[in-house]
Amino acid sequence: MESFPLSRASSRNMERDWENVSIASSITSNEYTGPKLFKEPSSKSNKPIIINAIAHCCLAGKVNEVQKSVVLEELEKCESNHLIILFRDGGCQFRAIYSYSPDTEEIIKFSGTGPRTINRKMIDKLYKYSSDRKQFTVIPAKTVSVSVDALTIHNHLWQVKRPGSARRK
């Protein structure tokens, strides 16, 4: 390999040329051509993931066979693209299925036991389902998005208040 010695003057001139080319190209092109860092969430449905989660994780086994078939049958009728499972607590005990609208951020009960609607203040934890591991993992996030597959609400919201049931001594 041959090397050609460059004088300091020609070396400085080359650096200036590179700077000029760099500045000129950034002025002429207004579009960012680097890697795309933000990816717009897809509007694909998570329905197959939810069906898979219910069949193989939430309501798996002989004991849950009847409830599982009822829930899966109801899901076939559901037209929502984004569904969210409501768990009782961190033990991931299935309670209900909700439809989620990303545009309005509404979470409305589709079937099961739980509040009619869920708002941001009611949410305790968010979960994502892993199809290969057949388990839910907590997402370190505070807001619901299309990537959320399940959630829990604060424990005190499960307490049923019955009027007239105060104990007397």
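The rules behind these values
Residues numbered from 1 in each chain as written. Predicted model: local features only at pLDDT ≥ 70, side-chain atom pairs only at ≥ 80, totals over all residues. Heavy atoms only, no water. UniProt positions renumbered as here; feature names shortened; annotations may be inferred. Pairing = 2+ DSSP bridges. Helix = DSSP H or I, 4+ residues; strand = E, 2+ residues; numbered from the N terminus. Contact = heavy atoms within 4.5 Å. Axes fitted to C-alpha atoms, helices over the stretch in contact; angles between N-to-C directions. Core = buried A, V, L, I, M, F, W, Y, C linked by side-chain atoms within 4.5 Å. Buried < 20%, exposed > 50% of the residue type's maximum accessible area, 1.4 Å probe, protein only. Salt bridge = Lys/Arg side-chain N within 4 Å of Asp/Glu carboxyl O. Phe/Tyr/Trp six-rings, centres within 6.5 Å; stacked < 30°, edge-to-face > 60°.

The protein chain has the name CKK domain-containing protein in an unreviewed UniProt entry, where Neolamprologus brichardi is given as its organism. What the UniProt record of the protein chain gives under Sequence similarities (unreviewed entry) is the line "Belongs to the CAMSAP1 family."

Peer 1: How do you make sense of the sheet that holds strand 3 (residues 106–112) when you look at a structure like this?
Peer 2: Sheets are built from strands that pair by backbone hydrogen bonding, the pairs being arranged parallel or antiparallel. Read across the sheet, seven strands follow the order 4-3-2-1-7-5-6 without closing on themselves; strand pairing throughout is mixed. At either end of the open sheet lies a strand with only one pairing partner, and these are strand 4 (117–118) and strand 6 (135–139). Of the strand pairs in this sheet, strand 1 (residues 83–87) and strand 2 (residues 94–101) are connected by five bridges, and their pairing is antiparallel. Bridged to leucine 83 within strand 2 is serine 99. Here helix 2 (residues 47–58) sits on the sheet and contacts strand 1, strand 2, strand 5 (123–130) and strand 6; the angle it forms with strand 1, its principal contact strand, is near 30°.

Peer 1: Even after reading the chapter, I still don't get unusual backbone geometry, so can you show me in this structure?
Peer 2: A negative phi angle characterises most non-glycine residues, just as the trans form characterises most peptide bonds. With a phi close to 60°, glutamate 105 is a non-glycine residue in the positive phi region. For glutamate 105, the position within the fold is in the loop between strand 2 and strand 3. One non-glycine residue with positive phi stands out, namely lysine 134, at about 55°. Its location among the elements puts lysine 134 in the loop between strand 5 and strand 6.

Peer 1: Got a minute to help me understand the nonpolar core in this structure?
Peer 2: Among the nonpolar cores identified, the biggest contains 17 residues, and Ile54, Ile85, Phe94 and Phe136 are the most heavily contacted of them. At the level of elements, helix 2, helix 3 (65–77), strand 1, strand 2 and strand 5 are the ones that each hand at least two residues to this core. Among all residues touching phenylalanine 94, those that are not within four sequence positions of it are Ile54, Cys58, Leu59, Gln67, Val71, Ile85, Leu86 and Phe87. Counting 15 residues, the second-largest nonpolar core is a separate cluster that includes Tyr98, Leu126, Leu151 and Ile153.

Peer 1: Just checking my understanding: could you explain the pattern of salt bridges for this structure?
Peer 2: Pairing between side chains of opposite charge can happen when their charged atoms approach one another. Counted according to the given criterion, the structure contains two salt bridges. A salt bridge links glutamate 105 to arginine 120; its shortest N-O distance comes to 3.0 Å. Highlighted residues: glutamate 105 in the loop between strand 2 and strand 3 and arginine 120 in the loop between strand 4 and strand 5, separated in sequence by 15 residues. Judged by its relative accessible area of 54%, arginine 120 falls in the exposed class. Note that lysine 128 is salt-bridged to aspartate 149, the shortest N-O span being 3.5 Å. Placement of the pair is lysine 128 in strand 5 and aspartate 149 in the loop between strand 6 and strand 7 (150–153), with a sequence separation of 21 residues.

Peer 1: When you look at the packing of aromatic side chains in this model, what are you seeing that I'm missing?
Peer 2: Both the distance between ring centres and the angle between the ring planes are used here to describe each pair of aromatic rings. Going through the model one piece at a time under the given rule, you end up with three aromatic pairs. Look at phenylalanine 87 and phenylalanine 136: their rings are 4.9 Å apart centre to centre, the planes differ by 85°, and that puts the pair in the edge-to-face class. Placement of phenylalanine 87 in strand 1 and of phenylalanine 136 in strand 6 is noted, with a sequence separation of 49 residues between them. By relative accessible area, phenylalanine 87 is classed as buried at 0%.

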